[in-house]
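Structural overview for review
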Amino acid sequence: MTAAATTTAPPASAMALAGLRVIEMGQLIAGPFCGKTLGDFGADVVKIEPPGSGDPLRNWRLLQDGTSVWWQVQSRNKRSLALDLRASEGQDIARRLIAEADVLIENFRPGTLEAWGLGPDALHALNPGLVILRISGYGQTGPYRDLPGFGAIGEAMGGLRHLTAEPGRVPVRVGVSIGDTLAALHGALGILVALYHRKVHGGPGQVIDVALHEAVFNVMESLIPEYSAFGVVREPAGSALPGIAPSNAYPCTDGWVLVAGNGDSIFKRLMDAIGRPDLGQAPDLASNAGRVARVDEIDAAIAAWSREHSVQQVLDALAAARVPAGKVYTARDIAEDPHYRARDMLLSQTTRDGHTLEVPGIVPKLSGTPGAVRGSAPRLGDDTNAILAEAGLTADQIDLLRRKGVVQ
């Protein structure tokens, strides 16, 4: 395995979000992924976790020395404060921290913050400029607001799960927690928009309300306009791109290859490459509408050619013909791919327990103020003392809170 790239973190003051103070509440994926995104670009992210157990993501999937390797990605560039938000003393500490913060991220069920006396009205009275991101299953309003909602349910309600299947087969999961991640990225966008409004236009802090299903629905392309205009309900199409041809997965002797030959000139080059210039020169196939009408015939022609060759032979031939194509990557393919490494998308990170781990690089890439992995993911409560001291608590006060179990 080729060595992963390492990054030298720039000075904190040189990063795009340097000086931005973020309090992250909640757990698992959506809220914490948003916090990770801000932290990658220099924000000081204080992650509040319950004492004793911490964020459940610490124990999800494969563990190394008792800690999830997923945690090492999701919580890099953060500081951990083990604080019991159910205790009145914990809520008081949260108020002290939030009073000096720019952003609060939470992904509890609607009403949880209000029950703790930490609702937006109370927090904005304390800190008028505070930007509050609230991620939940169904949003803070509407008839479903109090229902429990996870990313998988958001993917279903947002329209995605209906399309992720072969025709007539059971809907399948995308393979990652895409509903949570889409909500997190929409949340990060909302935070930056609200901060821009606050800084440039002098506006007050705002509440950003992100529902998991709405984040998914927002990327569903022409799903609703097609239904509105034509009464068409888009159905699952497997690996094909409905209404755009040819674009599909095709069999090879040793796997599958994805081919996107749907541009008019690209289609002609593709047909020449597979030995079917007759299709490439057919007048009725010169545009997408005609190709869609004969898509089964075109797909059969491409498959007849591809199944006689290996994936690499197909990729080489189509690269020479300037036709977009790619193999279906596994984790091993990614780890061994020179392009990933050339773009610093595989970074070497040392965990707090001393393990060297490859982790995904920073996205997006900024030319002047790039992101960086400035610190590995914290152990539970690693930063409790430092954070509380910054908030003005004395060593005796911190020790008393620890004895009470309010902090760890």
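Keep in mind it's a predicted model, so treat the numbers as computed, not measured.

Moving on, we get to helix α7 (residues 178-201). Taking 1.5 Å per residue as the helical rise, α7 with its 24 residues ought to reach 34 Å, and the 34 Å between its terminal C-alpha atoms agrees with that figure. Every buried residue belonging to α7 is among G179, D180, T181, L182, A183, A184, G187, A188, G190, I191, A194 and L195, and all of these are buried. Looking at the buried side of α7, the elements it contacts are α1 (30-40), β6 (103-106), β7 (131-136), α6 (151-157), β8 (207-211) and α8 (212-217). A positive backbone phi angle near 70 degrees is found at G202, which sits one or two residues after α7.

In this section: the nonpolar core. Grouped together as the largest cluster of nonpolar side chains are 37 residues, with contacts concentrated most on V22, V103, I105, L133 and I191. Looking at this core, the elements with two or more residues in it are α1, β6, β7, α7, β8, α8 and β13 (356-360). Looking at this core, the element that brings in the most residues is α7, giving seven residues. Those residues in contact with I105 that lie beyond four places of it in its chain are V22, I23, E24, M25, G31, C34, G35, L38, L133 and I191. Within the second largest apolar cluster, 29 residues are counted, among which are M25, L85, I98 and V406.

On the basis of which strands lie adjacent, the open sheet formed by three strands has the order β9-β10-β11 and antiparallel pairing. With partners counted over all chains shown, the strands left at the sheet margins are β9 (247-252) and β11 (325-327), one partner each. Averaged over neighbouring strand pairs, the angle between their axes works out to 25 degrees when direction is ignored. The sheet contact formed by strand β10 (residues 255-260) and β11 spans three bridges and is antiparallel. By the bridge assignment for β11, V259 is matched with A325.

Now for the pattern of salt bridges. With the rule as written, the count across this model stands at 29 salt bridges. Close ionic contact of K78 with E24 constitutes a salt bridge, the shortest N to O distance being 2.7 Å. Of this pair, K78 sits in strand β5 (residues 78-82) while E24 is found in strand β1 (residues 21-24), placing the two residues 54 residues apart along the sequence. As far as the burial class goes, K78 and E24 line up, both buried.

Here the focus is the packing of aromatic side chains. Throughout the structure, instances matching the rule amount to four aromatic pairs. Residues F108 and W116 carry aromatic rings whose centres are separated by 5.2 Å and whose planes lie at 80 degrees to one another, so their mutual orientation is edge-to-face. Of the two residues, F108 and W116, neither departs from the other in class, the shared state being buried. Between Y138 and Y144, the aromatic rings sit 5.8 Å apart at their centres with planes inclined by 80 degrees, giving edge-to-face as the arrangement. What makes Y144 partly exposed here is its relative accessible area of 43%. Between the NZ or CZ atom of K36 and the centre of the ring of F33, over which it lies, the distance is 5.0 Å. Its end group placed over the ring of F267, R291 keeps NZ or CZ at 5.1 Å from the ring centre.

Each pair of packed helices can be summarised by the angle the axes make with each other and by the distance between the axes. Between α1 and α7, the shortest axis-to-axis distance is 8 Å and the interhelical angle comes to 50 degrees. The angle between the axes of α1 and α7 places the two elements in the oblique class. Judged by the sense of rotation from one axis to the other, the crossing of α1 with α7 is right-handed. Here A30, F33, C34, T37 and L38 of α1 lie close against α7, whose contacting residues are D180, T181, A184, L185, G187, A188 and I191. Along the lines of polarity and charge, the residues of the contact of α1 with α7 split into eight nonpolar, three polar and one charged.

Further remarks concern the side chain of D84. Checked against the element boundaries, D84 lands in the loop between β5 and α3 (88-99). At 3.0 Å, the side chain of D84 and the backbone nitrogen of R86 are in polar contact. Filtering out sequence-adjacent residues up to four positions away, D84 remains in contact with P51, G90, Q91, G405 and V406.

Okay, the packing of helix α10 (residues 264-273) against helix α13 (residues 295-306) next. Taken N-terminus to C-terminus, the directions of α10 and α13 make an angle of 40 degrees; their axes are 10 Å apart at the nearest point. Judged by the inter-axis angle, α10 sits oblique to α13. Two packed elements cross with a definite hand, and for α10 against α13 that hand is left-handed. Contacts between α10 and α13 involve F267, L270, M271 and A273 from the first element and I298, I302 and W305 from the second. Of the residues belonging to the contact of α10 with α13, the class tally is seven nonpolar, no polar and no charged.

Criteria and thresholds
- Residues numbered from 1 in each chain as written.
- Predicted model: local features only at pLDDT ≥ 70, side-chain atom pairs only at ≥ 80, totals over all residues.
- Heavy atoms only, no water.
- Helix = DSSP H or I, 4+ residues; strand = E, 2+ residues; numbered from the N terminus.
- Expected span 1.5 Å × (residues − 1).
- Buried < 20%, exposed > 50% of the residue type's maximum accessible area, 1.4 Å probe, protein only.
- Contact = heavy atoms within 4.5 Å.
- Core = buried A, V, L, I, M, F, W, Y, C linked by side-chain atoms within 4.5 Å.
- Pairing = 2+ DSSP bridges.
- Axes fitted to C-alpha atoms, helices over the stretch in contact; angles between N-to-C directions.
- Salt bridge = Lys/Arg side-chain N within 4 Å of Asp/Glu carboxyl O.
- Phe/Tyr/Trp six-rings, centres within 6.5 Å; stacked < 30°, edge-to-face > 60°.
- Lys NZ or Arg CZ within 6 Å of the ring centre and 35° of its normal.
- Parallel < 35°, antiparallel > 145°, perpendicular 65-115°, else oblique.
- Left-handed = near helix turned anticlockwise from the far one by under 90°.
- Nonpolar A, V, L, I, M, F, W, Y, C, P; charged D, E, K, R; others polar.
- Polar contact = N/O pair within 3.5 Å; in protein donor to acceptor, adjacent residues only side chain to side chain.

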